[in-house]
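Per-entry structural report
The primary structure of each chain is shown beneath.
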There are 10 protein chains.
Amino acid sequence: MNQNFRDTLESFENQFPDRDYIIEIFCPEFTSVCPKTGQPDFGSLTFRYVPDKTCVELKSLKLYLHQFRNEGIFYEHVTNAILDDFVSVVTPRRATLIAKFTPRGGISSVIEVNYEK
Amino acid sequence: MNQNFRDTLESFENQFPDRDYIIEIFCPEFTSVCPKTGQPDFGSLTFRYVPDKTCVELKSLKLYLHQFRNEGIFYEHVTNAILDDFVSVVTPRRATLIAKFTPRGGISSVIEVNYEK
Amino acid sequence: MNQNFRDTLESFENQFPDRDYIIEIFCPEFTSVCPKTGQPDFGSLTFRYVPDKTCVELKSLKLYLHQFRNEGIFYEHVTNAILDDFVSVVTPRRATLIAKFTPRGGISSVIEVNYEK
Amino acid sequence: MNQNFRDTLESFENQFPDRDYIIEIFCPEFTSVCPKTGQPDFGSLTFRYVPDKTCVELKSLKLYLHQFRNEGIFYEHVTNAILDDFVSVVTPRRATLIAKFTPRGGISSVIEVNYEK
Amino acid sequence: MNQNFRDTLESFENQFPDRDYIIEIFCPEFTSVCPKTGQPDFGSLTFRYVPDKTCVELKSLKLYLHQFRNEGIFYEHVTNAILDDFVSVVTPRRATLIAKFTPRGGISSVIEVNYEK
Amino acid sequence: MNQNFRDTLESFENQFPDRDYIIEIFCPEFTSVCPKTGQPDFGSLTFRYVPDKTCVELKSLKLYLHQFRNEGIFYEHVTNAILDDFVSVVTPRRATLIAKFTPRGGISSVIEVNYEK
Amino acid sequence: MNQNFRDTLESFENQFPDRDYIIEIFCPEFTSVCPKTGQPDFGSLTFRYVPDKTCVELKSLKLYLHQFRNEGIFYEHVTNAILDDFVSVVTPRRATLIAKFTPRGGISSVIEVNYEK
Amino acid sequence: MNQNFRDTLESFENQFPDRDYIIEIFCPEFTSVCPKTGQPDFGSLTFRYVPDKTCVELKSLKLYLHQFRNEGIFYEHVTNAILDDFVSVVTPRRATLIAKFTPRGGISSVIEVNYEK
Amino acid sequence: MNQNFRDTLESFENQFPDRDYIIEIFCPEFTSVCPKTGQPDFGSLTFRYVPDKTCVELKSLKLYLHQFRNEGIFYEHVTNAILDDFVSVVTPRRATLIAKFTPRGGISSVIEVNYEK
Amino acid sequence: MNQNFRDTLESFENQFPDRDYIIEIFCPEFTSVCPKTGQPDFGSLTFRYVPDKTCVELKSLKLYLHQFRNEGIFYEHVTNAILDDFVSVVTPRRATLIAKFTPRGGISSVIEVNYEK
């Protein structure tokens, strides 16, 4: 996975930093490529976080995720890596990423990763 | 956002102030305008609160929310601001506002804000 | 609201008083009248309680609820008043009443009231 | 209703005019204003048509529909008028418009209008 | 059933009489009384009609249906009688009324009546 | 199957014999006994008919169906026999009976029988 | 209720007694008789238990439950009595029985009983 | 596919041969093996037929279908072959077989085959 | 769109050419690129056809569809072009392709194209 | 049950061992054989675990589960045995296995087994 991907991700100032509140973002159109078979993988991503000083800018999140379109990367890896990028740019107080992948060979997977400051 | 919006919001006397009980109000027809694109946004609002001395008057809540129809305002801002107005007029013991917005560019958002006296 | 309504409510002896267990009763056909507009309101009531010495008799509960058919009464009031009647006749260890009302002006309401001995 | 609304609607050349095929477009975020009460109405529009020489351009359809946002107009009128505008600009072989409006006073409406060349 | 009920029903001029189109109206909050047991019945009514010179006015339809609230009348009778009233006031080209009643004794009923000019 | 079962079934006069209309009756609580294994069978019955001079009386239909509770009878037989009883007592213009039985050994069955005068 | 019913219930040796694990058994085809009206009642039973030395044998559970088919017994009684029989034969570490009964007079009931060693 | 499979299938006499009626049988637990990959395939089969002189015996149908458990056979082949076996043993007036297979590589298939005497 | 795409599509011999039967293939993981915005589009494709001498090979269909992953092409164009490729390689007796695309700007589209020999 | 089954199961290195995260794997196509009747059983398995040094390799899990296809084994046994195999090969920090089996004789079962290091 390209280390420059996270440069695409942008944030904007949280106008309500004194209050803990939750932002949930649902991205049902995630696709990457299986590094073993070269076949496309499809899934949905759900981000759930408590912003600190900044919130994620939605359009930049969309463009950031599009970069994985032709990237060969495993389920476990991509989920952990995306949360790491998210945390490094948005620096939330808490964050969860849930990635649900569609069935392959009759088996489907969900990866859930948490971050706490 | 116009600071006079909250003047529209009315409350009436809670007849059971000795008991903590929960009122949940679901408003699936919320619409405002994206300040960046000028395009309309659509969402649903769920208020869940424990009343103290007063309850929110439903018709005034409807009229209050209609004021946002042509207002340019971001998701995070409008959700926090509406809860602030609600708390300032109704003065509940506890309150939660959950705002779910419809997808834009394949991405949808939910903002959840809590208030505790 | 007529104070004699609760006379209709009957209970029978709980045969298992040594054990805490839960009875949930779902009444999807509740209707009363809005005291402001004179228009009918519709909703569902869910009772969930732990019986002490007695259980509520279901037919009497049905007849008790039918009395509200032409009664002008607000959502918050009717929910609290019905739980009070229920508690006074059935004297449960714990009880919850959840009342869900159908949308008016695009807005729907749920009232949840709890009682603990 | 403003007669210039239809100027916003644009079409593009159908590249497969030799074949009858069906295009269905679902617009769940339609809103206008009730001319009697001044209160907003909400609904979804489903267009289903067989294109002739042109297809409707989706972004222009979105902008066209946004013009009704502050327009006072009845359900039956707006549905017929939108189909007329659609037919006059896109000139399809056949077209159906189904408009579903959310409940008011416990009653909801669907209007279905058909056009055949 | 009181013969004056239909006086409550009002219509307004159909602005598109040259075109056959369909209006469907869903009334999920219908209630009357069983003439045998005196117990309330609950159901939903779906009107589906092609207007001729007039359309039904929705508020008057609501008030018309509320009149059955304390009326003792059988399922088959009330469905046929309401369609007759509807046809006599609105004079549609075609009309269907589907009435679905909630279960009694574990059995539920649907009555479907059609009218063709 | 006992030939006297049909004596339980009652009808009442159809007050709208000049009009073809449809009555659908859903009985989700049907049970009989498998004649081979002696184990209970469970299913739902849907009657759909156009009445002629009479309609079926619902309470008598309920009691009629309860008679099968301890009767040993095959799916195909019971469905045809019940429709025959229904037709002989109610003499409808048209009638359909759809019987859906719950799975046994991972296989479930639906029997649909039609009658036309 | 016949005290010999529990003799039908059988258990077999739990092969994993060193580990607390959960067995949930869903029986959607329970039927008994209302002792007041003589009419059949229908419901579903969900057993959820942690086995100790034995597990319930499923075929014997089915035969045990069939014995209630013509037994006149109230909802609250039958649920408590079945859990008592289950505990006395299977001697689980913990057990819950949830019984959901279908609507009568527009009202449906759920009884939930727990047992802890 | 073994030609002796159909010997397992049994029928019994149709007691209502004078009437055209429909029997639908749903088998959600079908499994065979992909002849190319050796991996198991899973699907559901729906038979819908009008019996002539005989009906299919359900237990024999279950045993017949179990024979495919370790058989290597393609979707299109197995569906056509099973309908042929069914028709040859049961000799229905009309029959349809719908086979739905679970997704492989993100793609799922349904095969629908009809037979008319 | 690259004219060589169809070379990827393969067929195999239909073993039951004497019988008209239906094959439906559901591909929920289709993605291409919007030629105007460069942003990815997502949708599902449903093929429904009656084979003549050949059936489509599913793995080749999957690989064929993957070629559109980075192709800039409009909804109407891609649907018609895929059906043309399908017909040219598989030469079915009849074929339908239904393409459902996810919402953009709150609007979603379905394109349905038919082919008859 | 063959003790060599677990040899099929493979794992790969967890690249994020410093973080507790959850992997959920859903296998809806599990089948084994009832040791008493010889008839096939069908069910779904849900694994939910926190990996330590390794993650389970999905293709090997599929092949591992296929081995049970012709194995005679009880519900409670197979669920516990599969979790034991999983834990012995993957050595997770925590793991849960939930096995849901389809109805037999109108009764369905769920077995839930937990492992904590």
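Model, not experiment: these values are computed from the prediction.

The helix and strand tally for chain A stands at 2 helices and 6 strands. Counted from the first residue to the last, chain A has its helices and strands arranged as β-β-β-β-α-α-β-β. For 117 residues, the compact-globule estimate of 2.2 N^0.38 gives 13 Å, and the C-alpha radius of gyration of chain A, at 14 Å, lies within 12% of that figure. By its C-alpha atoms, chain A is 50 × 25 × 20 Å across when sized along the principal axes. The 117 residues of chain A split such that 40% are buried.

Here chain D sits on chain C after a turn of 180 degrees about the axis and a move of 0.0 Å along it, with an RMSD of 0.0 Å. Accordingly, the operation relating the two chain copies is best matched by a two-fold axis. Of all interface residues in chain D, 100% are interface residues in chain C too; the two copies therefore contact each other through one and the same surface.

When chain A is fitted to chain B, the best match, at an RMSD of 0.0 Å, comes from turning it 72 degrees and sliding it 0.0 Å along the axis. Given the turn and translation reported, the copies of this chain are related as if by a five-fold rotation axis.

Every buried residue of helix H1 (residues 58–66) of chain H is accounted for by Leu58, Leu61, Tyr64 and Leu65 of chain H. When H1 of chain H is viewed along its axis, its buried side chains cluster within an angular range of 115 degrees and face the same direction. Buried residues along H1 of chain H sit against strand S6 (107–116) of chain F together with strand S2 (21–33) and strand S4 (54–56) of chain H.

This paragraph deals with the confidence of the model for chain A. For chain A, per-residue confidence averages 95 on the pLDDT scale, and residues scoring 70 or more make up 97% of the total. Interface confidence for the predicted complex, given as ipTM, is 0.93, next to a pTM of 0.95.

Listed as interface residues are 4 residues of chain D and, on the opposing side, 4 residues of chain C. Split by residue class, the side of chain D that touches chain C holds 2 nonpolar, 2 polar and no charged.

Core analysis: the biggest nonpolar cluster contains 162 residues, and Leu97 of chain D, Leu97 of chain E, Leu97 of chain F, Leu97 of chain H together with Leu97 of chain I have the highest contact counts within it. When neighbours within four sequence positions are excluded, Leu97 of chain I is seen to be in contact with Leu45, Phe47, Thr79, Ile82, Leu83, Phe86 and Val113 of chain I.

On to the pairing of S6 of chain F, then. All names here are of chain F. Both strand S5 (residues 94–104) and S6 contribute to a ladder of 9 bridges, which runs antiparallel. When the bridges of S6 are listed, Arg94 appears paired with Glu116. Counting the residues between successive antiparallel strands, the hairpin from S5 to S6 contains 2 residues, one of them, Gly105, with a positive phi of roughly 60 degrees.

These two, chain A and chain D, are apart from each other, with no contact and a minimum C-alpha gap of 18 Å. A minimum C-alpha distance of 23 Å separates chain A and chain G, which share no contact.

Now for the pairing of strand S6 (residues 107–116) of chain C. In terms of strand pairing, strand S2 (residues 21–33) of chain B meets S6 of chain C through 6 bridges, oriented antiparallel. What sits directly across from Ile23 of chain B, in S6 of chain C, is Ile111 of chain C.

On to unusual backbone geometry, then. Residue and element names in this part refer to chain A. Notably, Thr91 is not glycine yet its phi reads approximately 45 degrees, a positive angle. Residue placement: Thr91 occurs in the loop between helix H2 (75–90) and strand S5 (94–104). Given 15 C-beta atoms within 10 Å, Thr91 falls into the partly exposed group.

On to the interface of chain A and chain B. Each side of the interface is counted separately: chain A has 17 residues, and chain B has 13 residues. Elements represented by at least two residues in the side of chain A that touches chain B include exactly strand S2 (21–33) and helix H1 (58–66) of chain A. The residue makeup of the side of chain A that touches chain B, split by class, is 11 nonpolar, 1 polar and 5 charged.

Residue and element names in this part refer to chain A. The end-to-end C-alpha distance of H2, which contains 16 residues, comes to 22 Å, matching closely the 22 Å that a straight helix rising 1.5 Å per residue would cover. Among all positions of H2, only Tyr75, Glu76, Val78, Thr79, Asn80, Ala81, Ile82, Leu83, Phe86, Val89 and Val90 are buried. A positive phi of about 45 degrees marks Thr91, the residue just after H2.

Mapped onto the elements, Ser88 of chain A comes out in helix H2. Through-space distance from the C-alpha of Ser88 of chain A to that of Leu9 of chain A is 9.9 Å; in sequence the pair is 79 residues apart.

Let us look at the environment of Asn70 of chain B. Position of Asn70 of chain B among the secondary structure elements: in the loop between helix H1 (58–66) and helix H2 (75–90). For the pair Asn70 of chain B and Val33 of chain B, spaced 37 residues apart in sequence, the C-alpha to C-alpha distance is 5.9 Å.

Our focus in this paragraph is the environment of Val110 of chain A. Its place among the elements puts Val110 of chain A in strand S6 (residues 107–116). Among the residues examined, Val110 of chain A registers 19 C-beta atoms within 10 Å and is labelled partly exposed. Sequence separation between Val110 of chain A and Gly43 of chain A is 67 residues; the distance between their C-alpha atoms is 9.2 Å. Leaving out residues up to four positions away in the same chain, Val110 of chain A has contacts with Ile98, Ala99 and Lys100 of chain A together with Glu24 of chain J.

Rules used in this analysis
- Per chain, the residues get numbers from 1 upward, laid out in the order the sequence is written.
- Chains carry letters and ligands carry numbers; both start at the beginning, A for chains and 1 for ligands, and go up in the order they are written.
- Residue-level local features of this predicted model are given only where pLDDT is at least 70; pairs of side-chain atoms are given and counted only at 80 or more, and the full residue set underlies all totals for whole chains, interfaces and linings.
- Starting at the N terminus, helices and strands are each numbered in turn, a helix being any DSSP run of H or I of at least four residues and a strand any DSSP run of E of at least two.
- Atoms counted for the radius of gyration: C-alpha only. Globule rule: 2.2 Å times residue count to the power 0.38.
- Counting other C-beta atoms within 10 Å of a residue's C-beta gives its exposure: the residue is buried at 20 or more, exposed at 12 or fewer, and partly exposed in between, where C-beta atoms are placed from the backbone.
- In superposing the copies, a least-squares fit is computed on C-alpha atoms, taking residues whose pLDDT is at least 70 in both.
- Here, residue contact means that the backbone-derived C-beta atoms of the two residues sit within 7 Å.
- Comment: arc refers to directions from the helix axis out to C-beta atoms.
- Every residue gets a pLDDT, meaning the predictor's confidence in that residue, from 0 to 100.
- When residue character is reported, Ala, Val, Leu, Ile, Met, Phe, Trp, Tyr, Cys and Pro are called nonpolar, Asp, Glu, Lys and Arg charged, and the others, Gly included, polar.
- We define the nonpolar core as any set of buried residues of the types Ala, Val, Leu, Ile, Met, Phe, Trp, Tyr and Cys, connected via C-beta atoms lying within 7 Å of each other.
- Here, any two strands with at least 2 DSSP bridges between them count as paired.
- The length a helix should cover is 1.5 Å for every residue beyond the first.

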